[in-house]
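Results of the structural survey
These are the residues of each chain, in order.
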Amino acid sequence: MKIFSRNRLFRTKSLDRCLQDAERPEYQLKRVLGPGQLILFGVGAIIGAGIFATIGTAAAGDAYRPGAGPGLMVSFVITAIVCSFTALCYAEFTSIVPISGSAYTYSYATLGELVAWIIGWDLIIEYAVGNIAVAISWANYFKTFLAGFNLHVPDWLSMDYRTAAKIVDEAGVKIVYRDAPHIFGLPIIFNLLAVGIVAVITLVLVWGIRESARFNAIMVGIKIVVLTFFIIIGFFWVKPANWTPFAPNGWAGISAGAAIVFFAYIGFDAVSTVAEETRNPKRDLPIGIIGSLLVCTVFYIVVSAVFTGLISYPDLKLKLATEQAEPLTMALQHAAPHLGWAVGIVAFGSVIAHTAVLLIFQLGQPRIFFSMSRDGLLPSAFRRVHKRFRTPHVATILTGVFVAVFAAVASIDEMVDLTNIGTLFAFLLVCAGIIVLRKTDPDRPRPFKVPSGWLWSGILFAALTVAVIVIPSSLTAKVAILAAAAVGFAVFRNYLFPVLGILSCLYLIFYLPPTSWLRFAAWLNFGFLIYVGYGSINSRLMAEDMKKRSAEHLAYTARLGVILLLVGNVLLFLTRAFDLLRMAQKSLAHLSGGERLVASLRQVFQAEPWLEMSWFLIIPLALNALMLCPLIIRRTAQANSLSEADKRSRAASYVAMVVCVLSLIYIWAVIF
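Residues numbered from 1 in each chain as written. Predicted model: local features only at pLDDT ≥ 70, side-chain atom pairs only at ≥ 80, totals over all residues. Heavy atoms only, no water.

Things to note about the overall build of the protein chain
Scanning the protein chain for helices and strands turns up 28 helices and 2 strands. Here the protein chain holds 672 residues, and the buried ones make up 56% of them. Contacts in the protein chain between residues far apart in sequence, at least 24 positions, make up 82% of those at least 6 positions apart. Looking at the protein chain as shown, the accessible area adds up to about 27,900 Å², and 69% of this sits on carbon and sulfur atoms. (Helix = DSSP H or I, 4+ residues; strand = E, 2+ residues; numbered from the N terminus. Buried < 20%, exposed > 50% of the residue type's maximum accessible area, 1.4 Å probe, protein only. Contact = heavy atoms within 4.5 Å. Areas by Shrake-Rupley, 256 points an atom, 1.4 Å probe, with all protein chains shown as cover.)

Structure representation (C-alpha cells):
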C-alpha cells in the first residue's frame, strides 16, 4: 500500500472544481460590485497607514536601516515596479479563478493543498495581523485628532503595556503605570480606541457588502481630497534646496526605503478577495487591481516629492529621533508653523485613511477563512453565510474579535515586523503559481494574460540598459550585468514578469530586519501544527483519495506531520542563525568585508549565542515537542491498530520521539 507520495503531498484542486464550489447555493455571496467600486476598494486599502506613517521612517531611516532622503521618490518608483509585476500575476489569476480567497485559492489550484495552506496561513499575517497594527496606529492618530478639539483620552486607555513602560519622568517613574487605575495592585492599561474602531468596522461588514462599498467610497473620496490638499498647500512651501543631497545614503538607503514603503502598496491584492461579490470578475478584477495600483503610485510619488521638499533630511532625522508624530503634519508644521488649520485637515485625512484600510482588510480576511473552511481546512463555522445579508458573518465576527483583542494589548512594532515578510512571501507564491499554471494548464482560457515574449523582453532589456548606463559603476560590472540580463530575458521570455516578480520580492525581503525571518518561521510552525491537527484530517480534497481516519489516512497524516516537523525546525534554526549572523556583522562593523564575514561566522558557530533566550525560537520548538510530536506518535499508533504495522509508519513515530527529546533538551539548556 502506497501511503505517502509526492503527488498526494502537492495534489491540487482543479480550477473547474473551484468554480463549481463557488456556485453552490449555500456558499453563494451577493454579486454587486463593479470596476469603479473595485478600484475604490483598492485605493482604500493601499492609501492608508503607509503613506501617512511609514513615509517618515523610509526617508529618515532607523537604527537598523539607512534612510532614502529625497531619494524616497525613487524608492516609490522601485516599489511600484515590484508591485506591478505581482499585480499582473494577480490580474491573470483573478480572470481565471474569479473566487474569494486571494492567493490561497490561486495556490490551491496550481501549487497544491500544502502550499495553499501555507499561503492561506501566511495571509492571516497580511490581513488580520496587519490590521492589528493599523488599528493601533489609527488609535494614536485619532487621539491626536481629538486633542485638537481639547478632548483628551487617558494614556492608559490608548496604548499597550510595553509602550506605556517606555514613558517615564525625570525620576524614572513610569507615568502611565502610575496614573492608571489598579486592580489588586496591577495597572489597567489597554487600547480602548483600537478595540472600538475594530468593533465598528466589524458591524459594518456584517451588515452587508454593498453598504461596506458605499462606506468605503466616501472614505476614499475624503482621503484623495486630503492628499490633494497636502500637495497643493505644501507645494507653495517646498524648498528645492531640501532635495540636496538627493540620496544621502546612496543606493542602500533607496533600497531600504523601498522595502519600507512596499507595505503602503499591499492593499491592491485585497481586491481579489471579493471576487465572488463582483458582477463580472473576469473583466472587472484586473481593472480593479491594476487601476488602483496606478492611481496610488501617482499620489505616492507626488506626495513624497512635496514631503521631502518641505523638510530637509537632517531635520527630519533629528525630529523623528526625538518625537513620535505624523510625518505629513510634522513636515507642514516645520515648513509653515502658522498653518495650524491645514495641519488639522491633514490629520483628519490620516484618521480616514486608517479607517479605510481597516475596512478593506477586515473585509478580506473573513473571505479567506471562508474559502479555507469551504475546503475543509478550517471548521465549518467559518463558511456560514448570513441568511439576510449574505455575508460570512461568523468569520467576520471571529476576525474582529481576534484583531480587537490583540490590538488592545499588542505593540505596533511587534505587529508590523510580523506583517512585513508574510506579505512578500504571499506575492512570491502568486508569481510562482503563474509559471506552474502555464506549464500544467496551458490551454485554459485567459481573459487577461501577463505579457510575455520577445517583444517585452526587448523592451525591458532596453530599459535596463539605460539604467545600467546611468548608474555609476565600472565598465566591467556594467558589461557583466547586461550579459547576464540578456541571457535571463531570453531564457525566461515566456515567464518574464512572474520571474521578475519573484526576484524583486526576494530583493525587498533581503532588506527587511533579520528578526522578521525568525518570526515568520515561528508563525509557519504554528500553522503546520494546525494543518496536521485539523486540516489534513478534514480536507475535502484528501477525502477523495482515502477514507477519513482510515489506517491509510492516519498513516499519511503522520508522515506528513514528520515532514512538516522537520521542515519547521530547520527553518527555525536557519532563520535564527541568519539573525545571529546579522547581529554579529553589526557588532564587527570595524572589520572589512571578508574578514568581517569570517569573524561573524565564528561567532555564530559558538555555543554562547545559541543559549541566549529567543522566544520566537523557544515557543514554536516547545509547541512542536509537546503537541505536534505526540500527535504524530498517536496517529501512527492508531494507524497500526487498524492494520498491519508498517515500517515507514514506525519510522515516523521514532523520528517524532527523537525530535521531541532533542528539542526539550535544548529548551532546558536555554532556560536553565
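Re the pattern of salt bridges
Inspection of the entire model under this criterion finds 3 salt bridges. Lys143 is paired through a salt bridge with Asp155; the nearest N and O atoms lie 2.3 Å apart. Of this pair, Lys143 sits in helix H7 (residues 113-147) while Asp155 is found in the loop between H7 and helix H8 (161-165), placing the two residues 12 residues apart along the sequence. With relative accessibility at 18%, the residue Lys143 sits in the buried group. When its relative accessible area of 33% is taken as the criterion, Asp155 is described as partly exposed. For Asp579, the salt bridge identified is with Arg576, shortest N-O distance 3.6 Å. (Salt bridge = Lys/Arg side-chain N within 4 Å of Asp/Glu carboxyl O.)

Here we look at the nonpolar core
In terms of nonpolar packing, the biggest core is built from 166 residues, with Tyr104, Phe230, Phe268 and Leu328 touching the most fellow members. A total of 23 residues in this core trace back to one element, the largest contributor, which is H7. In this structure Phe268 touches Ile46, Cys83, Thr86, Ala87, Tyr90, Ile289, Ser292, Leu293 and Phe427, once residues within four positions along its chain are discounted. Counting 14 residues, the second-largest nonpolar core is a separate cluster that includes Leu572, Leu581, Ile618 and Leu621. (Core = buried A, V, L, I, M, F, W, Y, C linked by side-chain atoms within 4.5 Å.)

Comments concerning unusual backbone geometry
Residue Pro245 follows Thr244 across a cis peptide bond; omega there is -5°. As for its placement among the helices and strands, Pro245 is situated in the loop between helix H11 (209-235) and helix H12 (250-261). A positive phi angle is found at Phe184, which is not glycine, with a value near 55°. Tracing the backbone shows Phe184 in the loop between strand S1 (182-183) and strand S2 (186-187).

Topic: the confidence of the model for the protein chain
Mean pLDDT over the protein chain stands at 82; residues scoring 70 or higher make up 89%. Of all the helices and strands in the protein chain, helix H1 (residues 6-9) carries the lowest mean pLDDT, 58, while helix H27 (residues 615-642) carries the highest, 91. (pLDDT = per-residue confidence, 0-100.)

Examining the layout of surface pockets
Computed from the structure, the second largest pocket encloses a volume of approximately 1,200 Å³. Taken together, 31 residues line the second largest pocket, and the ones lying closest to its centre are Ile81, Phe85, Leu464, Ala467 and Leu500. For the lining of the second largest pocket, the secondary structure elements donating two or more residues are helix H5 (72-96), helix H19 (454-470), helix H20 (475-491) and helix H21 (496-510). Of the residues that constitute the lining of the second largest pocket, the class distribution is 26 nonpolar, 4 polar and 1 charged. (1 Å grid on protein atoms, 1.4 Å probe; cavity = no way out; pocket = protein on both sides within 12 Å on 5 of 7 lines; lining within 4 Å. Points joined across faces, edges and corners; volume = space filled by probe spheres on them. Nonpolar A, V, L, I, M, F, W, Y, C, P; charged D, E, K, R; others polar.)

A look at the packing of helix H24 (residues 551-587) against H27
Interaxial distance between H24 and H27 falls to 8 Å at its minimum, and their mutual angle equals 160°. In terms of orientation, H24 and H27 fall into the roughly antiparallel class. In this structure, H24 crosses over H27, and the sense of that crossing is left-handed. Partitioning the contact of H24 with H27 into residue classes produces 17 nonpolar, 6 polar and 2 charged. (Axes fitted to C-alpha atoms, helices over the stretch in contact; angles between N-to-C directions. Parallel < 35°, antiparallel > 145°, perpendicular 65-115°, else oblique. Left-handed = near helix turned anticlockwise from the far one by under 90°.)

Structural notes on the packing of aromatic side chains
This model, assessed by the stated rule, comprises 24 aromatic pairs. Among the aromatic residues, ring-to-ring pairing joins Trp117, Trp121, Trp523, Phe526 and Tyr531 into one connected group. Here Lys174 stacks its cationic end above the ring of Tyr177, 4.9 Å away from the centre of that ring. Note that Arg582 overlies the ring of Phe510, its terminal NZ or CZ placed 5.9 Å from the centroid. (Phe/Tyr/Trp six-rings, centres within 6.5 Å; stacked < 30°, edge-to-face > 60°. Lys NZ or Arg CZ within 6 Å of the ring centre and 35° of its normal.)

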